[in-house]
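Spelled out, the chains give:
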Amino acid sequence: MKRIGILQNTIQEYSWGSRTVIADLLAKPSPAANPQAELWMGAHPKAPSQVAVDGCFISLADIISADPENVLGRAVADRFGKRLPFLFKVLAAARPLSIQAHPKRTQAKEGFEREEKAGIPLDGPERNYRDANHKPECLCALTPFWALLGFRKTKDLTARMQTCCSKSLSLELVALERTPDIGGLKRFFESLLTLTSGRRKNVIKESMAAAREERVDADSCMWMHVLNRYYPDDIGALAPLFLNLVCLEPGQALFLPAGQLHSYLEGAGIELMADSDNVLRGGLTSKHVDIPELMKVLDFRERPVSILAPVKKSEYEVAYESRADEFILSVICTPRDGVYRSREKRSVEILLCTEGEGILTDRGNGESFDVQKGISLLVPATVSQYIIKGKLTIYKAAVPVN
């Protein structure tokens, strides 16, 4: 395929999704009948985008398979084979997602092969590894966006837990104080996830009483109550005590490497990740939780929150630097009288317009597209250059190239 194509994308309906964010973006009836959690743009086997080609819609996965060099570019095809290496999403969280982490590539490959040999169906509820790929990800806030990510510094974590549940977790906290290192934190966290039902109830009861008295910061106490309301018997309600709590402002972003424990709590954002759907959950969910497998992939190093600010790439484009080989996220903002010109040396790109309206033109064949809020397009690598005119905000997913 050598032409730009408009995309049709799948909406994933999960219980934590918003009924308005994605519906409003796509100019669909709002509020939607069901919660709409994610809009997927990419070629993942679970829900590949459909590309408009000569009046028909064809799976992006099939288009890439048939012509990887023109669609992806030779360098990308050589590195990643006949597949798009990233998955692009709009994420809309009206309530908290599960506490989770994603595996490294070697862990994903081993886990996927093991579950395949065991005959566990790909869509089975007990499945951990739905593909053999890792899943580093970048999230950029469209609205104020609350998240938990990475373990707090052990000294801070211990003090907060002592303040809120010193009686019900006395033995575990004494052990952590004696060995305040990675091994001690791992043992403490595993003991927290494997408490007996009776002890878990006591820990939650003591912690919620402390939260009502705001014995730690107000934001953590507020979110402890919210999490406990949604999941009243889940130790994950204590997550604001042991994970870093952050609220991104629109335009700020996070990069999450493999093994980082996290939960997205509330807000809308643009998410870009390696092409994977592997999730190991630890709580705040009715879905499958495999604690031994989660413990294998978790990174227990202290991780202060690092918020990404956009870096200017050209007059109308900024990018979020990430450590991923598979993707880079950027934002194109053009004023009404401005003209954006793409680089001539590019990889495959997916563009999503979130604001405004204008025209995108392929300079090679002169083909033009009306672009407005909610429109997404595939730009194959073989397209030499395109220009954008009009007052627009466009998020761009691409593969890094030199």
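It should be noted that the structure appears before, not after, this text.
Residue numbers run consecutively from 1 along every chain, following the written order of its sequence. Only residues with pLDDT of 70 or above have their local features reported here, since the model is predicted, and side-chain atom pairs are shown and tallied only from 80 upward, although totals for entire chains, interfaces and linings are computed over all residues. With hydrogens and water set aside, each side-chain value is computed from the structure's full complement of heavy atoms.

Student: Explain the nonpolar core here, please?
Tutor: Most often, soluble globular proteins have nonpolar side chains that are buried together. Each nonpolar core is a collection of buried residues, namely Ala, Val, Leu, Ile, Met, Phe, Trp, Tyr and Cys, held together in the definition by side-chain atoms within 4.5 Å. Using a 1.4 Å probe on the protein chains alone, a residue whose accessible area is under 20% of its type maximum counts as buried, one over 50% counts as exposed, and one in between counts as partly exposed. Membership of the largest hydrophobic core comes to 51 residues, with the highest contact counts inside it found for Phe-151, Met-161, Leu-169, Phe-189, Leu-238, Phe-242 and Leu-261. The contact partners of Leu-169, leaving out residues within four places of it in the chain, are Met-161, Phe-188, Leu-192, Leu-195, Arg-199 and Val-203. Listed in part, the 40 residues of the second largest apolar core include Leu-39, Val-71, Cys-138 and Ala-253. Here, two residues are considered to be in contact whenever any of their heavy atoms come within 4.5 Å of each other.

Student: Could you clarify how one ought to interpret the packing of aromatic side chains in this entry?
Tutor: A ring pair, where both rings are aromatic, is described by two values, the distance of the centres and the angle of the planes. Note on aromatic contacts: the rings of Phe and Tyr and the six-membered ring of Trp form a pair at centre separations within 6.5 Å, being stacked when their planes are under 30 degrees apart, edge-to-face when over 60 apart, and tilted otherwise. Overall, the coordinates contain nine aromatic pairs when judged by the stated rule. Here Tyr-14 and Trp-16 contribute two aromatic rings whose centre-to-centre distance is 5.8 Å and whose plane-to-plane angle is 40 degrees, an arrangement assigned as tilted. Of the two residues, Tyr-14 and Trp-16, both sit in the buried class. Feature note: the residues Phe-151, Phe-189, Phe-242 and Phe-300 constitute an aromatic cluster, connected by ring pairs. Should the NZ of a Lys or the CZ of an Arg lie within 6 Å of a ring centre and within 35 degrees of the ring normal, that charge is described as sitting over the ring. Sitting over the face of the ring of Tyr-230, Arg-229 holds its NZ or CZ atom 5.4 Å from the ring centroid.

Student: Sorry, what's going on with the state of the cysteines here?
Tutor: Two cysteines form a disulfide when their sulfur atoms are joined by a covalent bond. By definition, disulfides here are pairs of cysteine sulfur atoms that lie within 2.5 Å. Applying the stated criterion to the full structure yields zero disulfides. Not part of a disulfide, Cys-164 finds its nearest cysteine sulfur in Cys-221, a span of 6.2 Å. Overall, Cys-164 belongs to the buried group, its relative accessible area being 0%.

Student: I'm lost on the environment of Arg-95 in this one. Help?
Tutor: To qualify as a helix, a DSSP run of H or I must reach at least 4 residues; to qualify as a strand, a run of E must reach at least 2; elements of each kind are numbered from the N terminus. Along the chain, Arg-95 turns up in the loop between strand E6 (86-93) and strand E7 (99-101). Each C-alpha atom of the pair Arg-95 and Leu-227 lies 8.9 Å from the other, and the pair is 132 residues apart in sequence. Residues in contact with Arg-95, not counting those within four places in the same chain, are Ser-15, Trp-16, Tyr-230, Tyr-231, Tyr-264 and Leu-265.

Student: Explain the pattern of salt bridges here, please?
Tutor: A side chain of one charge can pair with a side chain of the opposite charge when the charged atoms of the two come close. Counted as salt bridges are all cases of a side-chain nitrogen of Lys or Arg within 4 Å of a carboxyl oxygen of Asp or Glu. Tallied over the full model, the rule gives 23 salt bridges. A salt bridge links Glu-69 to Arg-74; its shortest N-O distance comes to 3.2 Å. Judged by relative accessible area, which is 42%, Glu-69 ranks as partly exposed. What makes Arg-74 exposed here is its relative accessible area of 55%. Here Lys-296 makes a salt bridge to Glu-293, at a shortest N to O gap of 3.4 Å. Taken together, the residues span about one helical turn, with Lys-296 and Glu-293 both in helix H12 (residues 291-297) at a distance of three residues. Given the relative accessible area of 53%, Lys-296 is considered exposed. When salt bridges with common partners are traced through the structure, they connect Glu-110, Arg-114, Glu-293 and Lys-296 into a single cluster.

Student: I keep staring at the side chain of Arg-160 and nothing clicks. Help me out?
Tutor: When you line up the elements, Arg-160 lands in helix H6 (residues 154-165). Between N or O atoms, a polar contact is any pair within 3.5 Å; within protein, one atom must be a potential hydrogen donor and the other a potential acceptor, and residues adjacent in sequence are included only when both atoms are from side chains. For Arg-160, the side chain forms a polar contact with the main-chain oxygen of Pro-240, separated by 2.9 Å. Aside from chain neighbours lying at most four places away, what touches Arg-160 is Arg-152, Val-216, Asp-217, Ser-220, Pro-240 and Leu-241.

Student: How should I be thinking about the packing of H6 against helix H7 (residues 170-178) in this particular structure?
Tutor: For any two helices packed against each other, the geometry comes down to the angle between their axes and how far apart the axes lie. Convention adopted: a line fitted to C-alpha atoms gives each axis, helices being fitted over their contacting stretch, and angles between N-to-C directions are expressed from 0 to 180 degrees. Close contact between H6 and H7 brings their axes to 11 Å; oriented N to C, the two are set at 160 degrees. With respect to H7, the axis of H6 lies roughly antiparallel. Here the hand of the crossing between H6 and H7 comes out left-handed. Touching Thr-154, Leu-157, Thr-158, Met-161, Gln-162 and Cys-165 of H6 are Leu-173, Leu-176 and Glu-177, all from H7. Broken down by class, the residue content of the contact of H6 with H7 amounts to five nonpolar, three polar and one charged. Any angle from 65 to 115 degrees is called roughly perpendicular, while one under 35 is roughly parallel, one over 145 is roughly antiparallel, and all others are oblique. Take the far helix as the reference: if the near one is turned anticlockwise from it by less than a right angle, the crossing is left-handed, and if turned clockwise, right-handed. Three classes are used, and their members are as follows: Ala, Val, Leu, Ile, Met, Phe, Trp, Tyr, Cys and Pro are nonpolar, Asp, Glu, Lys and Arg are charged, and the others, Gly among them, are polar.

Student: Quick question: what am I supposed to make of the pairing of strand E15 (residues 317-320) here?
Tutor: Residues in a regular strand project their side chains so that they alternate between the two faces of the sheet. Two elements, strand E14 (residues 311-314) and E15, share three bridges in a ladder whose sense is antiparallel. Within E15, the residue paired with Ser-314 across the bridge is Glu-317. When E15 meets strand E16 (residues 328-334), the two strands line up antiparallel, connected through four bridges. Its bridge partner lying in E16, Ala-319 is registered against Ser-330. Strands were regarded as paired on the criterion that DSSP finds at least two bridges between them.

Interpretation in functional terms is not warranted from these geometric data alone.
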